[in-house]
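Coordinate inspection notes
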Amino acid sequence: MFDYCANPDTLEGLRWFSCYLTTAKHMMFYESFLVVIGLMLITVPCAMAFGFGGALAARSHVTPLRWIGKGYAAMVRGVPDIAFFLFVPLALDQGLEWMRHKVKCPDWDQPIRQGNDFVVCAQAKLPLGSAPQWQHETYGIILAVAAFAFVFGAFAAHVLSGAMNAVPKAQLETAEAYGMTKGQITRRILIPQMWVYALPGLSNLWMVLIKATPLLFLLGVQDIVYWARELGGSKTSAYAYPHPDWRLYYFLALLVFYLGLTKVSEIGLARLNRRLSRGQATLAGEEQRKAPA
Amino acid sequence: MSCAQTIHDYALRSIGIGERLLPRSDFTLCQQFTLIGSGLIWNIYFAVCALALGFFLSTGVALARSAPSPFVRKPAEWFIFVFRGSPLFIQFFLFYEALTLLPKAGIDLNLGIVEINMATRWLTRAWAGALIVLFLNTSAYGGEIFYGALRSVPKGDLEAADAYGFSGWKKFRKITWPTMLRLAWPAYTNEAIFLFHATTLVYFSSFPAWQQKGDALYYASYFADKTFNPFIPYPILAFYFMMLTLAIIGTFGLINRRLNRHLPQSSRKGLRPRMMLVR
């Protein structure tokens, strides 16, 4: 990065560090922080979509659909989320390949499960064996996001269905008396009013999501945990920047990063909460009204 | 191989009793059920020990957090913030690295007359190292829950205690603490459930599973890797954890009933089997 970094062996002290911390690999380490935040921001809308689906299904008048919605929301309570993180990508991958296999190779006569192997025809592989490396990586990330969206969707479904039940019944009955259809009631009355009740649960969910992101490492994503282990491990003099085992310091940096993220989120969510309570007939809203301007 | 033989060989495999080699091919349903169930011993060990020890530290942290003196309050606040604000996964890594940095030969403690050599090797093993992390983690979460409950102890109860001449330790032991527990219990049940789930992280962070003695998820992912079929081991694991969750709700429900036994029937609240996202 700097001119004087050309020959690392001659460097000392601060200069050594300034060169060490700006190597190409460290730049990838810093990028991975952005990747983690980016993945979180992608996961949130996906999880909300899953959550909405689950919450609306749980209120459905079709009995099997209601069971699915309720079962989905209740499922993650009993089973550790990390089990889902390991299960969903693998299951999704095999499910997709199986479907493609059925469509693309209808005249394949061998069984798909041969002993301990899962064999589909070459055209059904996802991504294709000939695809470039970046496609494989992107596919892995998509599966990881799907796993996160699935688990957090179930949490969100629980929060949202609780919030939907908290909307005063009279509101919905009035809408019915005005002759609105079921869909109209949901869209115009239920969903707009639900947010205030859902906010505490959702902000908690965001905190849980932040703390679940290091698990991306288990899904093979090159995230901050991966780089911290990679860069922190002791480097012999065969490397340009030899150093002993520094993983402890790298993980301390990650700890500080996460604490910062939590603190910033706490402040942001508290602001949002104040904004949403303004003018509400709740204790928080009342306190704001009485507070001297 | 019959199922009884499999159970005999593998039921205690996770603690090193029985067959040394894990099955390598032709996995039967019985093997998967037995081994994953065997791994559950570690999940129960971690969760029960961490909860039992953490319960006392939680109370201590909650009391320190509500202390008037900032010298007591601030450390408790920081303890709660650090352990609640960061991922457990990172905490495992951090503690593992810190514990491996301790000198391998042990620390020589000079106690004036005698010198003792304190071994440090065992701290890097999962049974001790991971337990320490889980213990501190659950103490922070429990401390926050107890602190919230401590702040909602009804004023009238405390005034009544004063009027009866209770003070100090006696007031805390007889009035404040039982009421705090009663109020905190639903949330604490939830924490216990989450802690049980968190124990599955141990062997997926840096703590090595020595001689393939792992927990339930370790064996489940072993089978999923070997058979390349996730649809059998993970549902088995899910089944075991569902059972465990129900057992926790049952046990904590009994304690809840005892904590609430003095209240009139109508104002007693059962432990609602509902998820509260407190983490």
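Residues numbered from 1 in each chain as written. Chains lettered and ligands numbered in written order. Predicted model: local features only at pLDDT ≥ 70, side-chain atom pairs only at ≥ 80, totals over all residues.

Okay, the overall build of chain B next. When helices and strands are tallied, chain B shows 9 helices and 2 strands. Classification of the 279 residues of chain B by burial places 39% in the buried group. Sequence-distant contacts, at least 24 apart, represent 72% of the contacts inside chain B between residues at least 6 apart. (Helix = DSSP H or I, 4+ residues; strand = E, 2+ residues; numbered from the N terminus. Buried ≥ 20, exposed ≤ 12 C-beta atoms within 10 Å, placed from the backbone. Contact = placed C-beta atoms within 7 Å.)

With that settled, the discussion passes to the overall build of chain A. Tallying secondary structure elements over chain A gives 10 helices and 2 strands in all. For 293 residues, the compact-globule formula gives about 19 Å, and the C-alpha radius of gyration of chain A, at 25 Å, lies well above that figure. Dimensions of chain A, computed from the C-alpha atoms along their principal axes, are close to 80 × 75 × 30 Å. Classification of the 293 residues of chain A by burial places 27% in the buried group. (Rg over C-alpha atoms; globule rule 2.2 N^0.38 Å.)

All names here are of chain B. Interhelical geometry of helix α2 (residues 29–65) versus helix α8 (residues 216–227) gives an angle of 150° and a closest axis separation of 6 Å. Taken together, the axes of α2 and α8 lie roughly antiparallel to each other. Contacts from Gln32, Leu35, Ile36, Gly39, Leu40 and Asn43 in α2 reach Ala216, Tyr218, Tyr219, Ala220 and Phe223 in α8. Across the contact of α2 with α8, the residue classes break down as 8 nonpolar, 3 polar and no charged. (Axes fitted to C-alpha atoms, helices over the stretch in contact; angles between N-to-C directions. Parallel < 35°, antiparallel > 145°, perpendicular 65-115°, else oblique. Nonpolar A, V, L, I, M, F, W, Y, C, P; charged D, E, K, R; others polar.)

Note: interface size is frequently given as the accessible area lost on complex formation between the parts. Between chain B and chain A, the contact holds 34 residues from the first and 36 residues from the second. Among the elements that make up the side of chain B that touches chain A, the one with the highest residue count is helix α4 (residues 88–101) of chain B (7 residues). A breakdown of the residues in the side of chain B that touches chain A according to their chemical character gives 22 nonpolar, 9 polar and 3 charged.

The next subject is the packing of helix α6 (residues 155–163) of chain B against helix α7 (residues 168–198) of chain B. Residue and element names in this part refer to chain B. Orientation of α6 relative to α7, taken along the N-to-C sense of each, is 170°, at an axis distance of 11 Å. Overall, the two elements α6 and α7 adopt an arrangement that is roughly antiparallel. Along the contact surface, α6 presents Asp157, Leu158 and Ala161, while α7 presents Lys171, Ile175 and Thr179. Its residues assigned to classes, the contact of α6 with α7 shows 3 nonpolar, 1 polar and 2 charged.

Further remarks concern unusual backbone geometry. Residues other than glycine seldom take positive phi values, yet Phe228(B) does so here, at roughly 55°. Inspection of the secondary structure puts Phe228(B) in the loop between α8 and α9 (233–259).

The next thing to look at is helix α4 (residues 81–104) of chain A. Residue and element names in this part refer to chain A. Relative to the 34 Å expected for 24 residues at 1.5 Å per residue, α4 spans 34 Å between its end C-alpha atoms, a close match to the ideal helical length. Along α4, the sharpest change in direction is near 25° and occurs at Phe87; proline Pro89 comes one to four residues later. Buried within α4 we find Asp81, Ile82, Ala83, Phe84, Phe85, Leu86, Phe87, Val88, Pro89, Leu90 and Gln94. (Expected span 1.5 Å × (residues − 1). Bend = angle between axes of the 7 residues up to and from the residue.)

Here the focus is the nonpolar core. If you look at the biggest cluster of nonpolar residues, it comprises 122 residues, and the most contacted ones within it are Phe84(A) and Phe92(B). Apart from the residues lying within four places of it in its own chain, the contact partners of Phe92(B) are Ala130(B), Val133(B), Leu201(B), Ser205(B), Ser206(B) and Phe207(B). (Core = buried A, V, L, I, M, F, W, Y, C linked by C-beta atoms within 7 Å.)

Glancing now at the environment of Ala154(A). Residues and elements named next belong to chain A. As for its placement among the helices and strands, Ala154 is situated in helix α5 (residues 133–166). On the basis of neighbour count, Ala154 is assigned to the buried category, with 23 C-beta atoms found within 10 Å. Separated by 78 residues in sequence, Ala154 and Val76 place their C-alpha atoms 6.7 Å apart. For Ala154, the residues in contact, after removing those within four places along its chain, are Gly54, Tyr72, Ala73, Met75 and Val76.

As a further point, take the environment of Val225(A). Residues and elements named next belong to chain A. By secondary structure assignment, the location of Val225 is in helix α8 (residues 224–232). Sequence-wise, Val225 and Thr174 are 51 residues apart; in three dimensions their C-alpha atoms are separated by 53 Å. Leaving out residues up to four positions away in the same chain, Val225 has contacts with Pro214 and Phe217.

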